[in-house]
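# Tertiary structure, described
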Amino acid sequence: MRNSWKVAKWEIKRNLKSKSFLISLFLTPIIFAIFATVPTLLSDSGEDHDSEPAQTTVYLNDEIGIWDQLEPMVSKGGDLHWDVELTDQSSVEMTATLEEETQSVYIHLDESALESGKVDYYTSEEVPDSFQYEVQLFEQPLRYVQLERTGLDESEIQSAMIPISFNQNEVTMEAGDDVGEEQAQGVEAFLEKFVPGVFAGLVLFSIAITGMMVFQSASEEKKEKVAEIILSSVTAGELMQGKIIGYFVLGILQVTVWIGMALPVALALVDYPIIQYLLVPETLLFLLIAVLGYLMFASIFVGLGATLEDSSSGSNFQGFVFMIPWLPFIFMGPVISNPESTLSQVLSYVPFTSPGIMILRLSILDEWPWLQILISIVILIVSIWLLMKLAGKIFRIGILIYGKNATLPEIWKWLRS
Amino acid sequence: MNEVLSVKGLGKSFKDTRVVKNIDFDVHKGEIMAILGPNGAGKSTTIRSIMGILLPDEGSVTFHNHAEEGVPRHKIGYLPEERGLYKKVKVMDILLYFAELKDYPLDRAKERALEYLKKFDLEGKENVSVDELSKGMGQKVQFIGSVIHEPELLILDEPFSGLDPVSQEVFKQEIKDLAKKGTAILLSSHQMNLVEEMCDRLFLIHRGQKVIYGSMDEVKEQYANFKCTIHGDNDRSMLEKIDQVERVEQKDDISILYLSSDVVISDWIKQLPSTLDIQELSVDRISLHEIFVDIATDRSLAQEAGVVDAK
């Protein structure tokens, strides 16, 4: 163990002194920030350009006479970008105009429309899709006129026009009597798990990247032929462990720096007390899962690295192994939409997807399935133990094979030896 | 003699091929012991088995002076055949890392590193990045790395490969000095001429098996018989009739007479027939190089000349 720690210390020191590591350490969050903000900025500025010509010309043939009521609302602006022109032309006459113009609408409000409850409107090209919702504006005044004609008085019409809405109130075991309070608690409870989940996801992401660095480091050891010199001082197992520990520390360091850079920004942008949500016992479980995930990927990668001298010439098999940490992303959609489904549960028990999927599910689920958590952690620990043994075998032999990449049958033979 | 390392009955197979078998030898304190053999003879396999990097299928490797099981890594310096250095680190950093791995005190290591850099004409390079070094400089740094912790036993696998003659001399001198100071040295090589001058004992290996083992003088006495080279126009049949001549090789005006092992040169020269045409005459031993080349090419000169003719 002392030797492993020496190797780990060396790997840490070597990376901290290398420019490329430092650059990526500080540049990654900046790049992330750029990717996150630039498209929004661009689309914002795009909208600013469009906002003036986005006016829709509305030709209104108002035979009923409700425009007077509506005019203040429309001309006040708000969400509507309408340029209303009153007209008394019929739809046939307007056709020519509409054919020539773009973003123009002709609406005819007459008695028959009122009776049948159907209002026809004619559009030219380039009328935004949102117009079909905007045109609902006419519904209430028309309905009012309709009801008025049936002879109801003002108060009757008012009560007839109150829309009926349906509110969902979920009854859970801890549900309190006070609905409002319960909802507020829901948001908080959600954030309470979600914030640690995001944190753990970040940790997992970062250590999946450092897992790749473990791969590179093992491959480099082989390529630069230092391995045998090192192996005259430490055992292959110690060298492997040292690398895994060293890059783990680097990964944690990376997360710390990233969070150190991201947290002030997040605090400035969001009102919720994020730090308070982060410092909950749940975070520890999330971290445990993330660490287990790292250990698993790192052992896979360290073994893989020992089989490859030149990562660019890896075969399909090795390329496939590289995809393993990203497997949970494929299943993200189905798991988010139903975190309790059979698929979600099965994926929590598959070692390769388990860390990512568990973190995802636990961030969404209100009620934690403790038994499932326990089973999946046990499965993870067992598979880590197994993978480490296998990686150790591959590493021990692979790291000393010079000048070629190992093939799958060869690796298989080493595993069985 | 004080034994540091003993190898007994070592054997190793890869797949179904026996790479080495029945390897027995010792390395003593303060001596240079050479494992010699052509490429692929099993030198590196033997050395890797000693280092515990490969697990031998059979036989034992004993490190004397060490009671505990396993390889006493801190007491061994090892320069593998396939060697390199991390690229983007400073020379001093990597040397200190090697020393740290051996649990050698770092301040002492730093002193020794500077001393050696100076000795190897690399003074002032301690803060240079490894990837800026030439290949020869890199080899010197690797060598320093293998001796920085004052090992009891130094194992060098092909230490001279890829070195220019000047650096070869520097290495040779340093290895001799280390031996004089009491380090046991085991080195492998296929460059016989280099090794012949420096090693005390040798183990010649071919196709994974022992061919010759003994001290340099013994080996020379036993295998390297005398040969007499004569420049002059002589008839082959006449040369063959001379006493104690086992074999004659002729090329143009040069005849080489291989003499039997029990020849006494002074007596033998006296009885040479006066009819011989001698422009030049030299008597010397068959060099290790010749024995080595013959073994490598399966001509088995040593056997022809020395022991019994196999044919």
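Conventions and cut-offs
Residues numbered from 1 in each chain as written. Chains lettered and ligands numbered in written order. Predicted model: local features only at pLDDT ≥ 70, side-chain atom pairs only at ≥ 80, totals over all residues. Heavy atoms only, no water. UniProt positions renumbered as here; feature names shortened; annotations may be inferred. Helix = DSSP H or I, 4+ residues; strand = E, 2+ residues; numbered from the N terminus. Buried < 20%, exposed > 50% of the residue type's maximum accessible area, 1.4 Å probe, protein only. Contact = heavy atoms within 4.5 Å. Areas by Shrake-Rupley, 256 points an atom, 1.4 Å probe, with all protein chains shown as cover. Lys, Arg positive; Asp, Glu negative; His and termini not counted. Charge placed at Lys NZ, Arg CZ, Asp CG, Glu CD. Pairing = 2+ DSSP bridges. Right-handed = clockwise from strand over helix to strand, strands pointing away. Axes fitted to C-alpha atoms, helices over the stretch in contact; angles between N-to-C directions. Expected span 1.5 Å × (residues − 1). Arc of directions from axis to C-beta. Phe/Tyr/Trp six-rings, centres within 6.5 Å; stacked < 30°, edge-to-face > 60°. Lys NZ or Arg CZ within 6 Å of the ring centre and 35° of its normal. Buried area = accessible area lost by both parts, 1.4 Å probe. Salt bridge = Lys/Arg side-chain N within 4 Å of Asp/Glu carboxyl O. Nonpolar A, V, L, I, M, F, W, Y, C, P; charged D, E, K, R; others polar. pLDDT = per-residue confidence, 0-100. Core = buried A, V, L, I, M, F, W, Y, C linked by side-chain atoms within 4.5 Å.

The name an unreviewed UniProt entry assigns to chain B is ATP-binding cassette domain-containing protein, from the organism Allobacillus saliphilus. According to its UniProt record, chain B has this under Sequence similarities (unreviewed entry): "Belongs to the ABC transporter superfamily."

Chain A goes by ABC transporter permease in an unreviewed UniProt entry, where it is assigned to Allobacillus saliphilus. In the Subcellular location (unreviewed entry) part of its UniProt record, chain A is described as follows: "Cell membrane".

## So, the overall build of chain B
Within chain B, the secondary structure is distributed over 11 helices and 13 strands. Taken along its principal axes, the extent of the C-alpha atoms in chain B is 75 × 45 × 35 Å. Looking at the 311 residues of chain B, the share that counts as buried comes to 52%. Within chain B, residue pairs in contact and separated by at least 24 positions form 69% of the contacts whose partners lie at least 6 positions apart. Accessible surface for chain B amounts to roughly 14,600 Å². Of this, 47% is attributable to carbon and sulfur atoms. Of the charged side chains in chain B, 40 are positive and 54 negative; the average position of the first set lies 5 Å away from that of the second.

## Points about the pairing of strand E7 (residues 184-189) of chain B
Residues and elements named next belong to chain B. Within E7, 6 of the 6 residues are buried, which leaves the element mostly enclosed by the surrounding structure. Here E7 shows a buried face lined by Ala184, Leu186 and Ser188 and a second buried face lined by Ile185, Leu187 and Ser189. Sheet analysis places strand E3 (residues 32-36) next to E7, joined by 5 bridges and oriented parallel. Pairing of Ile32 across the sheet is with Ile185, part of E7. By the bridge criterion, 5 bridges tie strand E6 (residues 153-157) to E7 in an arrangement that is parallel. Bridging from a neighbouring strand, Asp157 pairs with Ser188 of E7. In this fold, the crossover linking E6 to E7 by way of helix H5 (residues 165-180) has right-handed handedness.

## Some details on the UniProt feature "transmembrane region" (unreviewed entry) in chain A
Under the UniProt annotation, the feature "transmembrane region" (unreviewed entry) is placed at residues 21-42, 194-215, 247-272, 284-308, 320-337 and 368-388 of chain A. Counted over residues 21-42 of chain A, helix gives 100% and strand 0%. Its end C-alpha atoms are 31 Å apart.

## Overview of the sheet that holds strand E10 (residues 226-231) of chain B
Residues and elements named next belong to chain B. Here 4 strands make up an open sheet; going across it, the order is E11-E12-E10-E13 and the pairing antiparallel. At either margin of the open sheet sits one strand with a lone partner, and together these are strand E11 (245-251) and strand E13 (280-285). Strand-to-strand twist across the sheet, computed as the mean angle between neighbouring axes with direction ignored, equals 20°. The pairing of E10 with strand E12 (residues 254-259) spans 5 bridges and is classified as antiparallel. If you follow Thr229 over to E12, its bridge partner there is Ile256.

## A few points about helix H3 (residues 106-119) of chain B
Residue and element names in this part refer to chain B. Taking 1.5 Å of rise per residue, 14 residues should cover 20 Å, and H3 covers 20 Å from first to last C-alpha, within 8% of that figure. Those residues of H3 lying buried are Ala109, Arg112, Ala113, Tyr116 and Leu117. Seen along its axis, H3 keeps its buried residues to an arc of 135°; they face one direction. What points out from H3, more than 90 degrees from its buried face, is the exposed set Asp107, Glu115 and Lys118. Next to the buried residues of H3 lie helix H2 (91-101), helix H4 (135-147) and H5. Asp121 sits one or two residues past H3 and shows a positive phi near 65°.

## Quick word on the packing of aromatic side chains
A full pass over the atoms with the stated rule returns 16 aromatic pairs over all chains. Seen in terms of ring centroids, Trp82(A) and Phe138(A) are 5.9 Å apart; in terms of plane orientation they differ by 25°. Their pairing is stacked. Of this pair, Trp82(A) sits in strand E2 (residues 82-86) while Phe138(A) sits in the loop between helix H6 (131-134) and helix H7 (139-149); the two residues are 56 residues apart in sequence, bridging distant segments of the chain. A relative accessible area of 4% means that Phe138(A) is categorised as buried. Geometry around Tyr86(B) places Arg14(A) over its ring, the cationic atom sitting 4.4 Å from the centre.

## What about the environment of Gly145(B)?
Residues and elements named next belong to chain B. Topologically, Gly145 is positioned in helix H4. When the C-alpha positions of Gly145 and Leu5 are compared, they lie 21 Å apart, and in sequence the two are 140 residues distant. With residues near it in sequence (within four places) discarded, Gly145 still touches Leu95 and Phe98.

## Focus on the interface of chain A and chain B
Contacts between chain A and chain B engage 25 residues on the former and 25 residues on the latter. Taken together, the two surfaces of chain A and chain B that pack against each other cover about 2,600 Å², and 56% of this comes from carbon and sulfur. Three residues, Trp10(A), Glu228(A) and Ile229(A), lead the burial of chain A against chain B; their summed loss comes to 25% of the area buried on that side. There are 6 salt bridges connecting chain A and chain B. Between Arg48(B) and Glu228(A) there is a salt bridge, and its shortest N-O distance comes to 2.7 Å. Mapped by element, the contributors of at least two residues to the side of chain A that touches chain B are helix H1 (2-17), helix H9 (179-223) and helix H10 (227-231) of chain A. By residue number, the principal contributor to the side of chain A that touches chain B is H1(A), which donates 8 residues. Its residues placed into classes, the side of chain A that touches chain B shows 9 nonpolar, 4 polar and 12 charged.

## Some words on the confidence of the model for chain B
Parts of the prediction with low pLDDT should not have their coordinates interpreted in detail. Residue and element names in this part refer to chain B. Across chain B, the average pLDDT comes to 85, with 95% of residues at 70 or higher. When the criterion is pLDDT under 50, residues 301-311 qualifies, and its contacts beyond four places in sequence or with other chains add up to 21 contacts. On the interface metric, ipTM, the complex scores 0.77, and its pTM is 0.71.

## Looking at the nonpolar core
All names here are of chain B. In this structure, Phe25 and Leu202 are the most contacted members of the largest nonpolar core, which totals 114 residues. The element that contributes the greatest number of residues to this core is H2, accounting for 9 residues. Beyond its immediate chain neighbours, meaning those up to four positions away, Phe25 contacts Leu5, Ser6, Val7, Met33, Ile35, Thr46, Ile50, Leu186, Phe203 and Tyr213.

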